[in-house]
Every structure is written in structure tokens, then in C-alpha cells.
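# Coordinates in review
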Amino acid sequence: MSVQQTSTGKFIDGEEVIAIELTNSKGTYVKIFNYGAIINKFIVQNARGEMQDIVLGFDDFAQYLNPEYLKNYPYFGAIIGRYANRIKNGTFAIDGKTYQLAQNNGADTLHGGVVGFDRKVWDIVEVDNEKSTVTLEYESEDGEENFPGNLVIDLTFELTDNDELILSYEAETDKATAINLTHHGYFNLAPAGGNIKNHQLQIFGSNYLEQDENYCVTGKLIPVTGTALDFTKLKEIGRDWDETEGYDQSFVLDKTYGDLTLASKTTETESGLTLNVYTTEPVAHLYTAKYVDVKNGKGGKDYVGYDAFCIETQHHPNGINIPEFPTTVLKPEDLYTQTTIYKVSLTK
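Our subject in this report is the structure included herewith. (Residues numbered from 1 in each chain as written. Predicted model: local features only at pLDDT ≥ 70, side-chain atom pairs only at ≥ 80, totals over all residues. Heavy atoms only, no water.)

The next subject is the pairing of strand β27 (residues 336–346). Bridge count between strand β14 (residues 164–173) and β27: 8 bridges; the pairing is antiparallel. Looking at the pairing, Tyr169 lines up with Gln338 of β27. (Pairing = 2+ DSSP bridges. Helix = DSSP H or I, 4+ residues; strand = E, 2+ residues; numbered from the N terminus.)

The following block contains the structure:
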């Protein structure tokens, strides 16, 4: 087990960007940047004995800052905050006060606004070589992206010898605020990458959340039974999809609120790899990367639509505006916590 830190040579707003490398006793390797808490590499041994990287990204950190990449920005591997997914009309109210956010996705707010937590340099506050962990911290000031309250977030990454990458979040605020954090990893389990339609997926949720024409959640739950969104049993991602749309959908998990449970299972035949995602969160959002159009990814590869899948664990999108959903308001007397685990294994 080890943790290594290396400078990228880049500074953003005077803050140095560091690459943090976690390695376990099996040789499984995860590379994280303190900019955006980006998971840049996740390298595991597949069934063919090859060391395989299962996340999309870039070989050179500087490419994450490329204007062409940011023009059609897919948030590769980054933390999302203060609020994941969409907030309808970019507005919400807490304690009778209305807050208007930037409307950066049509009329709605997407992934925290114009400059979210994904584009901030986080402080490295703790490293543990024996446990192969690193804790990053970011202090979001009152009024940042027009969210209320000074919010302090700690995010700990731990790589275990069981090939589990554990993300543990904590946050505190001095004023009631809206919060809904997630991590936007883009996964592909095939040795050569490419279209993920043949990956097999199971999602442990028997209801999905209705969305409007801009993919914003309306508040209505709909059973998956009899629809293309039924992943209650393992099936190929592309079996029932509209291949011009793919999936960009939130599933409500069948669970007791707050328990750490299995959200999804994904397998791929050629690599023999399985990715299980566990979470304390009530929702898993499936995105099959329809809008990805990225040049010069790892190894010079261009990434296009459906070259990855995302399982974004979170609270209900737009839940700040839907009282029937679990609250996404954090108060000064409370502690926000979340755990999500990405566990990689060989398919049995």
C-alpha cells in the first residue's frame, strides 16, 4: 500500500495542482488530481492478466484545461457540487428566501453552476500510506455560485486490497444551504474501449424519476417494469435502448434510506471485469455519455458518444424543489455524509 504525490507543474489561481497516486498490494493503481478531485486513472488486472485502465481521461493534466474540451465539457472523472444534476429554473428557496443560480443548462442549473467544485483546486489535508488514503478539502464561500453558507467539504479516497475505491464525503455549513454531491467517473470495462452497448448492467432500483424535456426531474416516480429502463436483471446496456439517445436517467434505489447497499453491477465479457457500485445515497443516475466528443484522450484516442457509462450516486435531482423527496438542505447543526464504493473484481 502506498500514496505518492507529484506536482503537475500547473498552478490555478495560485494553487498547485498535485497528482496523488494510490497503489494497493495487488498493483491496482488510482491516480487522482487535487483539481476537481478528478479520478484520472483506475488501473486493474483483467482476466487476461493485463493491467487495464477503466476510466476515460487524459494522459496530460493540461488537457483538462483545454478550451476545446471545456467547450463541450463532460466533467471527466470530477466531483460535482454544490448540487449534482439539474435544479429547475436555477432557483430554490430555503427558510423563505429565494436564491437564483446561473442558468447554465437551458433554463436550469447543471452540476453546481458555471464554475463548480469540479474546477477548484482542493487542499490535501491528510495522507495515510498504510491505508492508502488521501483526504481533500475545499472551502466554498458564502455566495459562491450564489449558494448560501460557507461550506467545508472533506472527500477521502481509500484504495483497499480488495480493489475497492471508497469515496467518503463530509460537509458542514454555517448557514442552511442546498447540497447534493456526486462523482462523475466515466467507466469502460472493455480492454480496447469503444461503445459500451455490450456491457451488461443491473441497477437495483425498480422506479425511475420522470424528467422534462431538459432532463430535469419533475417529482414523479415511474415503475421500470415493462420499459426500456428495466435493469432489475442483468442485461446488455444496448439491448432496449434508443441508440440515438442512450440513457440519461435517475433510478430510485430499492433500499432503506442511508444504508450502504449495492446500487449497480456492470460486467464486460472480454476483460472479465465486474464493477459493483455501493452507496449510502438513494439515487443512481445512469448516463451513457451521449454528448461526449473529446479529442486526444488517453493514448491519443478520440472519445465519442456511448464510449462510457456513468453511475452517479446522489440524492434526488431537483429535490431541493420537491418537498416529497429526501431533503437536500444542510443546516449548521447537521453533518452531511455520503459513502460510495467502486469495487472491481473478476467475473465469476
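Our next topic: the sheet that holds strand β18 (residues 207–211). Paired through backbone hydrogen bonds, the strands of a sheet run either parallel or antiparallel to each other. With antiparallel pairing, the 5 strands of this open sheet are ordered in space as β19-β18-β21-β24-β25. Two strands in the sheet have a free side with no partner beyond their single neighbour: β19 (217–223) and β25 (310–314). Averaged over all neighbouring strand pairs, the angle between strand axes comes to 30 degrees, with direction disregarded. One ladder, built from 2 bridges, connects β18 with strand β21 (residues 248–252); its direction is antiparallel. Among the inter-strand pairings, Asn207 is bridged to a residue of β21, identified as Val252. (Axes fitted to C-alpha atoms, helices over the stretch in contact; angles between N-to-C directions.)

Here the focus is the pattern of salt bridges. Under the criterion given, the structure shown has 9 salt bridges. Here Glu50 ties to Arg48 by a salt bridge, and the two come within 3.2 Å at their closest N and O atoms. A salt bridge links Lys298 to Asp53, with the nearest nitrogen and oxygen atoms 2.6 Å apart. Pair noted here: Lys298 is in the loop between β24 (283–287) and β25 and Asp53 is in strand β5 (residues 51–53), with a separation of 245 residues, a long-range link. (Salt bridge = Lys/Arg side-chain N within 4 Å of Asp/Glu carboxyl O.)

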